[in-house]
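Chain residues, written in single-letter form:
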Amino acid sequence: MAGQVRALVAAKWLTEAIKNKQLGPTLRILDSSWYLPKLNRNVREEFNQRHIPGASFFDIDDCCDKTSTFDHTLPSETEFAEYVGNLGISNDTHVVVYDTSDFGGFAAPRVWWMFRLFGHESVSVLNGGMKNWLNEGHPVSSEYSKPERAEFRATINKSWVKTYEDVLENLTTKQFQVVDARVNGRFRGLEPEPRENTEPGHIPGTINMPFPNFMDSSGLEKDPAELAQMFKEAGVDLQRPFWVTCGSGVTACHIALAAHLCGHPGVCLYDGSWSEWFARAAPEHVISEGKGKQA
């Protein structure tokens, strides 16, 4: 197992590693870009045209449970191990993930969280993503060389993954705080959801912390003191366990990353998130200032 690494690495550090030819079995870069279908962005084509030198592409819609009716549901241990092994990643590899979002980060924290879920702690998010990488003038490439396959052993921490039933039970027990990363309009039920047949709103009792707020205008993550203040102002007690949710389990991981940077690792994810909740919940469990869910 690779040693402890920082949750965030700087563009300057990564470009030096590339210059010093450190990429290989012990250091891999992953472009984990993913966008909502309505944006009509072809992330694989974008990767082929431009990526950080030496990077491979990680597709959350490919590394998933393909039997699920919901988007990019978490894969099994075997599926994850096979997928990342094909990207040249072993248990001794330091993995750096980024994406090309205009925010500076969108899907990368989800992949960071997935590696940790499957027992791999030697994983970092590139602070600021491609946005900051380009702003700082670092090189990009269209060349790709498939890494040599590696052996990866995955061990899932099942306690980190929460189900619809877990969240439903928590409505009664109120044992855990639940924090939603969607933008405020979707959370309140005033702005449309990006998926068909899904109205906006939120799970009863959840706290809203929109994911873009964790980054500054350049796409860099805010410092831990600022992040801790954000949690405090939102009413989230970092000393108590909490779960995160969003539209489909992607941007929720921004909250998990922020908590980790504040010294509180191990935040749990409701993987089905709002997509599953709206589909399965009773109308009274869909809180909305808009249409809500009809009986």
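Data block above holds the structure.
Read on for an overview of the structure. (Residues numbered from 1 in each chain as written. Predicted model: local features only at pLDDT ≥ 70, side-chain atom pairs only at ≥ 80, totals over all residues. Heavy atoms only, no water.)

### With respect to the pairing of strand S2 (residues 27–31)
Alright, step 1. With five of five residues buried, S2 lies mostly within the body of the structure.
Alright, step 2. Here S2 shows no split at all, with Leu 27, Ile 29 and Asp 31 on one side and Arg 28 and Leu 30 on the other all buried.
Alright, step 3. Examined bridge by bridge, S2 and strand S4 (residues 94–98) share five bridges and lie parallel to one another. Its bridge partner lying in S4, Asp 31 is registered against Tyr 98.
Alright, step 4. Here S2 runs beside strand S3 (residues 56–57); their pairing, made up of two bridges, is parallel. What sits directly across from Leu 30, in S3, is Ser 56. (Buried < 20%, exposed > 50% of the residue type's maximum accessible area, 1.4 Å probe, protein only. Helix = DSSP H or I, 4+ residues; strand = E, 2+ residues; numbered from the N terminus. Pairing = 2+ DSSP bridges.)

### Structural notes on the sheet that holds strand S6 (residues 161–162)
Alright, step 1. The strand order across the open sheet formed by five strands is S6-S10-S9-S7-S8, and the pairing between neighbours is parallel. The sheet terminates laterally at S6 and strand S8 (207–208), the two strands that pair on one side only.
Alright, step 2. Bridge analysis of strand S7 (residues 177–180) against S8 gives two bridges, and the strand direction is parallel. Within S8, the residue paired with Asp 180 across the bridge is Asn 208.
Alright, step 3. Relative to strand S9 (residues 242–245), helix H9 (residues 252–261) is tilted by about 145°, and along the sheet it contacts S7, S9 and strand S10 (268–270). (Contact = heavy atoms within 4.5 Å. Axes fitted to C-alpha atoms, helices over the stretch in contact; angles between N-to-C directions.)

### Looking at the sheet that holds strand S5 (residues 123–126)
Within a beta sheet, neighbouring strands are joined by backbone hydrogen bonds and run either parallel or antiparallel to one another.
Alright, step 1. The strand order across the open sheet built from five strands is S1-S5-S4-S2-S3, with neighbouring strands paired in parallel fashion. Where the open sheet ends on each side, the last strands, each with one partner, are strand S1 (8–9) and S3.

### Overview of the pattern of salt bridges
Alright, step 1. Tallying each qualifying case throughout the model produces 12 salt bridges.
Alright, step 2. Measuring nitrogen to oxygen at the nearest pair gives 2.9 Å for the salt bridge that ties Glu 289 to Arg 188. Pair noted here: Glu 289 is in the segment after helix H10 (273–280) and Arg 188 is in helix H7 (residues 184–188), with a separation of 101 residues, a long-range link.
Alright, step 3. For Arg 188, a relative accessible area of 32% translates into the label partly exposed. (Salt bridge = Lys/Arg side-chain N within 4 Å of Asp/Glu carboxyl O.)

### Overview of the packing of helix H6 (residues 164–173) against H10
Alright, step 1. Remark: H6 packs on H10, axes separated minimally by 11 Å, with the N-to-C direction vectors making an angle of 70°. The angle between H6 and H10 falls in the class roughly perpendicular. Touching Tyr 164, Glu 165, Val 167, Leu 168 and Leu 171 of H6 are Glu 276, Trp 277 and Arg 280, all from H10. (Parallel < 35°, antiparallel > 145°, perpendicular 65-115°, else oblique.)

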